[in-house]
Amino acid sequence: MTVQEGFERVRTGCHRGICCRVLQLLLLLTSFFSVVLTAKPKMPGHTHLNSIRIDGDISLGGLFPVHARGNDGKACGELKKEKGIHRLEAMLFALDRINNDNELLPNITLGARILDTCSRDTHALEQSLTFVQALIEKDSTDVKCLSGGPPIITKPERVVGVIGASASSVSIMVANILRLFKIPQVSYASTAPELSDNTRYDFFSRVVPPDTYQAQAMVDIVKAMRWNYVSTVASEGNYGESGVDAFIQKSREDGGLCISQSVKIPREPRGGEFDKIVRRLSENPNARVVIIFANEDDIRVTQKPTLIPRVTWMNHPVKFKFDKCKSTVTRKILKKVESAMQLLQAAKKANQTGHFIWVGSDSWGSKIAPILDQEEMAEGAVTILPKRQSIKGFDRYFISRTLENNRRNIWFAEFWENNFQCKLSRHAVKKGSGVKKCTNHERIGKDSSYEQEGKVQFVIDAVYAMAHALHNMHKDLCPGKVGLCSKMDTINGTLLLKYIRDVNFTGIAGTPVVFNVNGDAPGRYEIYQYQMMNNTTEYKIIGHWTDQLHLDIPEMQWPGGIQDVPSSICSHPCRPGQRKKIVKGIPCCWHCESCDGYQYQADTYTCKMCRFDLRPNDNHTGCMPIPIVKLEWSSPWAVIPVLIAVAGIMATLFVVVTFVRYNDTPIVKASGRELSYVLLTGIFLCYATTFLMISTPDMVVCSLRRIFLGLGMSISYAALLTKTNRIYRIFEQGKMSVSAPRFISPASQLVITFSLISVQLLGVCIWFGVDPSQAVIDYEDQRTTNPEMARGVLKCDISDLSLICLLGYSMLLMVTCTVYAIKTRGVPETFNEAKPIGFTMYTTCIVWLAFIPIFFGTSQSAEKLYIQTTTLTISVSLSASVSLGMLYMPKVYVILLHPEQNVPKRKRSLKAVVTAATMSNKFNSKGGLRPNGEAKSELCESLETQDCVEGGEPCEGL
């Protein structure tokens, strides 16, 4: 197994088990001998293996990303001024303060061994082996120098604790090694939630809060902005992937937040990779907010070097020609310096300026580097950073650093060249190359811009946490002892870890430094927004988060200088009266479906039917009572029937008064006074029924409707039926014998009439017993498709079937009477009222035959209430009018206008009538050439000269 293969095994292998530990230990031994035995002896204070070494009584390790990741197989890339040099100098600054503090670790000097991780976990793992060299027993018995003497091996300093690393992926890789040798580790920037697992990373602690807090803060920000549809971008590795996973987990726990796209930036992105990422982010234009857990190198753009006539490359001047780009050297150099477009530049290239709203994690924070030359793309970006404070003492310290007083930092010279854009004298600089030479008189903050990096405070706090833990350990193990005692010659890492977890002191920024059982610091964040005002840009603090979010939304500005918060939602809110139909698997996306018909919006996701007596309001958010309608007296549908009824009642009363006034005259007597008054009563009730049908239904009105609607017609047709039956029986009897038929006297006629009427009353009484009358509101009668047209009809509980039954008996009487009228159509004209009754019945049948299709044909009409009521009342009134007009108006006309005709004629006995009927039958053969009626008329005229007395009373008309 090679060393590199072993690194990969540690990187991807198990974290528990004796076998794993043995394998890892063997790996370290192999690596150690491959590196250490070939090393040359070094003196204290010198650089060693690309690291800084500071002598002290107790040595601390340091891991810092001094350089970015390298490309084209190189381990390290360009220098990182803020994230690398600032943080490294912060550790040196903290060591100076502690070593000069007479209260903290008195007479004990802290040393350091600081390494460059090059922002790569595998490189950091290889470098961190330096920390465990002193803990490995080395057998050099088989090792001999060429001269034959024993080898001289420099004993490495013992590192008791490590400050770092920065990236979570690096910290995880290093923690897997350090825990094997029980070396505590305190990170100043690693925030991956995975590191909170105390069973796997038990020797790891951090002075920054884990991303679980940061993820919660970012979820709270998104919800405060009322965004519910976002995308996520994560750098491949523990920091990015764990951060996004924590964000997604928190969003699911809180609910109401969905992920549109979740993309990952590879460790080694190929050309066009970021263009693909931006295209994926643009697939759903509604998801404008992008949550970024990415390394600074992935956020910003690696600029191509500007091609000028004379530049230096690899410390050699190169001259470029721009004519048709034919230079082979030019193409080769461009190939070397060209790197993949990063996220912001790729978005700009895709013409998405102002479209995306970036929400960046603490890796973005308030740094300038990620947005350099991409200010327009970053405008409005909301970033989060652990709450920090600029350390004034560090500012004074850092700006005072020069090449002369900072020789301990082996990378400071490279920083100097990068910061002041010059070259030190050790590099050959030709005249005319366009590159100036460093004078060593440049000053930080004066000849170059300077802004303290955001994690400086946490680096200092991490060093102080280690120092306080060592101080407390020293007090317990070496009480009263000045300097180290024998108990601390070999510091127990497990015991030191206990002291680290128990520290509680005020950090350099005035905030308390404490750890929980997992080694995590409490969550305290500041919320920033990158704003552009009057061509100036700044990160402005817009809020903070400590267990809960405090955000000053009015202070926020968005791309284009607008104040309104841009939307990032999958679906717009549904309008009132619409329900959400959730898209399967995406609870934040839905289709809006209207609650139609009689439905109302019961809740966000449900439409329900209104109760039968309710209809939805205008926006279908609730139900309201359906309007109640009834036939009003002022309605045209009621006015016409009422006018007819009033005229009919007046006419009926006029006839009754006339008949009463001329009660003893021959015409009144001949018409059958008793049955005439009964018939007139029925006619009056028929007219009066109109007022009951139009009156507001209640229990009394409905009861009266049941009684009188059919009663008036039953009385009328019972009287007419009795009359026609009497005539028919008389003439039928006359065909067979001269004896008078039975039950033809006035008293018998009344008994027969009232018997027929009693059948109607009996049916009504039975109906009352089975189903008491009541007024009801029928909501189905006018329940139209359009709820706005729906009406509740206040009516009596008389269904169409009940109405048929109610009028059925009257119809039976009417039909029977019509049949008798047809049978008696041939009697002499002067014999009673057979022919007028016939005409009355024929006309009545026509009226009711017209009524049936109108009444039942409009059962589905919206105007059913009005049409049917009007049709019924007019039909009843017309029936009464026909009877009144054909039977009584001619008599009234004669009585009032031709009284000379209202005189008695010769009286005929019943015997004469029967004889006339018999003779009429005998002479039928002789009168065959003449109408039957004519023959009977002549016969009757011949019989009118005879007198008849029946029981001493004059015989009335038949």
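Residues numbered from 1 in each chain as written. Predicted model: local features only at pLDDT ≥ 70, side-chain atom pairs only at ≥ 80, totals over all residues. Heavy atoms only, no water.

### Thoughts on the overall build of the chain
Next, step 1: A count of helices and strands for the chain gives 27 helices and 33 strands.
Next, step 2: The proportion of buried residues among the 958 residues of the chain is 51%.
Next, step 3: Considering only contacts in the chain between residues 6 or more positions apart, those separated by 24 or more positions represent 69%. (Helix = DSSP H or I, 4+ residues; strand = E, 2+ residues; numbered from the N terminus. Buried < 20%, exposed > 50% of the residue type's maximum accessible area, 1.4 Å probe, protein only. Contact = heavy atoms within 4.5 Å.)

### What about the packing of helix α6 (residues 211-224) against helix α7 (residues 238-254)?
Next, step 1: Close contact between α6 and α7 brings their axes to 8 Å; oriented N to C, the two are set at 55°. The orientation of α6 with respect to α7, classified from their angle, is oblique. Viewed along their axes, α6 and α7 form a crossing whose handedness is right-handed. Where α6 abuts α7, its residues Asp211, Thr212, Gln214, Ala215, Gln216, Met218, Val219, Asp220, Val222 and Lys223 lie against Tyr239, Gly243, Ala246, Phe247, Lys250, Ser251 and Asp254. (Axes fitted to C-alpha atoms, helices over the stretch in contact; angles between N-to-C directions. Parallel < 35°, antiparallel > 145°, perpendicular 65-115°, else oblique. Left-handed = near helix turned anticlockwise from the far one by under 90°.)

### As for the nonpolar core
Next, step 1: Ranked by internal contacts, the top residues of the largest apolar core, which has 69 residues, are Met91, Leu110, Tyr188, Leu470 and Leu496.
Next, step 2: A total of 13 residues in this core trace back to one element, the largest contributor, which is helix α15 (residues 456-477).
Next, step 3: Among the nonpolar cores identified, the runner-up in size contains 53 residues, and Leu806, Met811, Met841 and Val876 belong to it. (Core = buried A, V, L, I, M, F, W, Y, C linked by side-chain atoms within 4.5 Å.)

### Digging into the side chain of Arg401
Next, step 1: With respect to the helices and strands, Arg401 occurs in the loop between α13 (392-399) and α14 (412-420).
Next, step 2: Of the side chains with opposite charge, Glu89 lies nearest to the buried Arg401, which makes no salt bridge, at 5.3 Å.
Next, step 3: Polar side-chain contacts of Arg401 include one of 3.5 Å to the backbone oxygen of Asn405.
Next, step 4: Aside from chain neighbours lying at most four places away, what touches Arg401 is Glu89, Asn406, Phe412, Trp416 and Ile444. (Lys, Arg positive; Asp, Glu negative; His and termini not counted. Salt bridge = Lys/Arg side-chain N within 4 Å of Asp/Glu carboxyl O. Polar contact = N/O pair within 3.5 Å; in protein donor to acceptor, adjacent residues only side chain to side chain.)

### As for the packing of aromatic side chains
Geometry of an aromatic ring pair is reported as the spacing of the ring centres plus the angle between the planes.
Next, step 1: Applying the stated criterion to the full structure yields 20 aromatic pairs.
Next, step 2: Where Phe394 meets Tyr397, the ring centres are 6.0 Å apart and the plane angle is 40°; that geometry is what we call tilted. Taken as a pair, Phe394 and Tyr397 lie in helix α13 at a separation of 3 residues, close to a single helical turn.
Next, step 3: Seen in terms of ring centroids, Tyr530 and Tyr539 are 5.0 Å apart; in terms of plane orientation they differ by 55°. Their pairing is tilted.
Next, step 4: You can call Tyr530 buried: its relative accessible area is 2%. (Phe/Tyr/Trp six-rings, centres within 6.5 Å; stacked < 30°, edge-to-face > 60°.)

### A few points about the UniProt feature "transmembrane region" (unreviewed entry) in the chain
Next, step 1: Feature annotation in UniProt places "transmembrane region" (unreviewed entry) on residues 637-663, 675-694, 706-722, 801-822, 834-856 and 876-898, given in this structure's numbering.
Next, step 2: Measuring from the first to the last C-alpha atom of residues 706-722 gives 24 Å, for a span that is 100% helix and 0% strand.
Next, step 3: Annotated as residues 876-898, this span is 91% helix and 0% strand, and its ends, taken at the C-alpha atoms, are 31 Å apart. (UniProt positions renumbered as here; feature names shortened; annotations may be inferred.)

### Thoughts on the sheet that holds strand β31 (residues 791-796)
Next, step 1: With mixed pairing, the 3 strands of this open sheet are ordered in space as β29-β31-β30. Only two strands of the sheet have a single neighbouring strand rather than two, namely β29 (628-629) and β30 (775-782).
Next, step 2: Where β29 and β31 come together, 2 bridges link them in parallel fashion. Pairing of Ile628 across the sheet is with Gly792, part of β31. (Pairing = 2+ DSSP bridges.)

### Remarks on the pairing of strand β24 (residues 586-594)
Next, step 1: As paired elements, strand β23 (residues 578-583) and β24 share 6 bridges and run antiparallel to each other. Note that in β24 the partner of Val583 across the bridge is Ile586.

### Digging into the state of the cysteines
Here a disulfide denotes a covalent bond joining the sulfur atom of one cysteine to the sulfur atom of another.
Next, step 1: Taken as a whole and judged by the stated rule, the model has 9 disulfides.
Next, step 2: With a sulfur-sulfur separation of 1.6 Å, Cys76 is cross-linked through a disulfide to Cys118. Sign of the S-S torsion, about 75° for the bond between Cys76 and Cys118, identifies this disulfide as right-handed. Of this pair, Cys76 sits in strand β4 (residues 76-79) while Cys118 sits in the loop between β5 (110-116) and α4 (121-128); the two residues are 42 residues apart in sequence, bridging distant segments of the chain.
Next, step 3: Taking the relative accessible area as the measure of exposure, Cys76 reaches 25% and is therefore partly exposed.
Next, step 4: By relative accessible area, Cys118 is classed as buried at 0%. (Disulfide = S-S within 2.5 Å.)

### Some words on the environment of Pro904
Next, step 1: Within the element layout of this structure, Pro904 appears in the loop between α25 (889-897) and α26 (910-922).
Next, step 2: You can call Pro904 exposed: its relative accessible area is 64%.

### Here we look at the environment of Met473
Next, step 1: For Met473, the position within the fold is in helix α15.
Next, step 2: Between the alpha carbons of Met473 and Leu495 there is a distance of 8.2 Å; along the sequence they are 22 residues apart.
Next, step 3: Excluding anything up to four places from it in sequence, Met473 contacts Cys478, Met488, Ile491, Asn492, Leu495, Leu496 and Tyr499.

### A look at unusual backbone geometry
Next, step 1: The linkage connecting Gly164 with the following residue, Ala165, adopts the cis geometry, with an omega of 0°.
Next, step 2: Here Ala165 is to be found in the loop between β6 (159-163) and α5 (168-178).
Next, step 3: Its identity as a non-glycine residue notwithstanding, Asp373 has a phi of 65°, on the positive side.
Next, step 4: With a relative accessible area of 46%, Asp373 lands in the partly exposed category.

### A few points about helix α22 (residues 800-823)
Next, step 1: Taking 1.5 Å per residue as the helical rise, α22 with its 24 residues ought to reach 34 Å, and the 33 Å between its terminal C-alpha atoms agrees with that figure.
Next, step 2: Maximal helix bending in α22 amounts to about 40°, located at Gly808.
Next, step 3: Along α22, the residues that are buried comprise Ser802, Leu803, Leu806, Leu807, Tyr809, Ser810, Met811, Leu813, Met814, Cys817, Thr818 and Ala821. (Expected span 1.5 Å × (residues − 1). Bend = angle between axes of the 7 residues up to and from the residue.)

### What about the sheet that holds strand β8 (residues 204-206)?
Next, step 1: Here we have 6 strands laid out as an open sheet, ordered β1-β5-β2-β6-β7-β8, and mixed in their pairing. Strands at the two margins of the open sheet, each flanked by one partner only, are β1 (51-54) and β8. Averaged over neighbouring strand pairs, the angle between their axes works out to 20° when direction is ignored.
Next, step 2: Direction of pairing for strand β2 (residues 58-64) relative to β6: parallel, over a ladder of 4 bridges. Note that in β6 the partner of Gly61 across the bridge is Val162.
Next, step 3: Against the sheet, α15 makes contact with β2, β5, β6 and β7 (185-187), and its axis sits at roughly 155° relative to β6, the strand it touches most.

### Notes on empty space enclosed by the protein
Next, step 1: On inspection of all chains with the given rule, the structure shows 5 cavities of 30 Å³ or more.
Next, step 2: The calculated volume of the largest cavity comes to roughly 130 Å³.
Next, step 3: In terms of lining, the largest cavity is formed by 14 residues, of which the most central are Val207, Phe458, Thr511, Pro512 and Arg524.
Next, step 4: Breaking the lining of the largest cavity down by element, the ones donating at least two residues are α15 and β19 (512-513).
Next, step 5: Among the elements that make up the lining of the largest cavity, the one with the highest residue count is α15 (3 residues).
Next, step 6: Taken together, the residues that form the lining of the largest cavity break down as 9 nonpolar, 2 polar and 3 charged. (1 Å grid on protein atoms, 1.4 Å probe; cavity = no way out; pocket = protein on both sides within 12 Å on 5 of 7 lines; lining within 4 Å. Points joined across faces, edges and corners; volume = space filled by probe spheres on them. Nonpolar A, V, L, I, M, F, W, Y, C, P; charged D, E, K, R; others polar.)

### Section: the environment of Ala192
Next, step 1: Looking at the element boundaries, Ala192 is found in the loop between β7 and β8.
Next, step 2: A relative accessible area of 0% means that Ala192 is categorised as buried.
Next, step 3: With 49 residues separating them in the primary sequence, Ala192 and Glu241 have C-alpha atoms 8.5 Å apart.
Next, step 4: Beyond its immediate chain neighbours, meaning those up to four positions away, Ala192 contacts Ser168, Arg206, Asp211, Asn238, Tyr239 and Ser242.

### Points about a nonpolar patch on the surface
Next, step 1: A contiguous nonpolar patch, built from Phe654, Tyr893, Leu896 and Leu897 and spanning about 400 Å² of accessible area, is present on the exposed surface.
Next, step 2: Ranked by the residues each element gives to the nonpolar patch, the list is headed by α25, at 3 residues.
Next, step 3: Inspection of the secondary structure puts Phe654 in helix α17 (residues 636-661).
Next, step 4: The partly exposed category is assigned to Phe654, whose relative accessible area is 42%. (Patch = residues over 30% accessible without salt bridge, like charges linked within 9 Å, V, L, I, M, F, W, Y side chains within 5 Å. Areas by Shrake-Rupley, 256 points an atom, 1.4 Å probe, with all protein chains shown as cover.)

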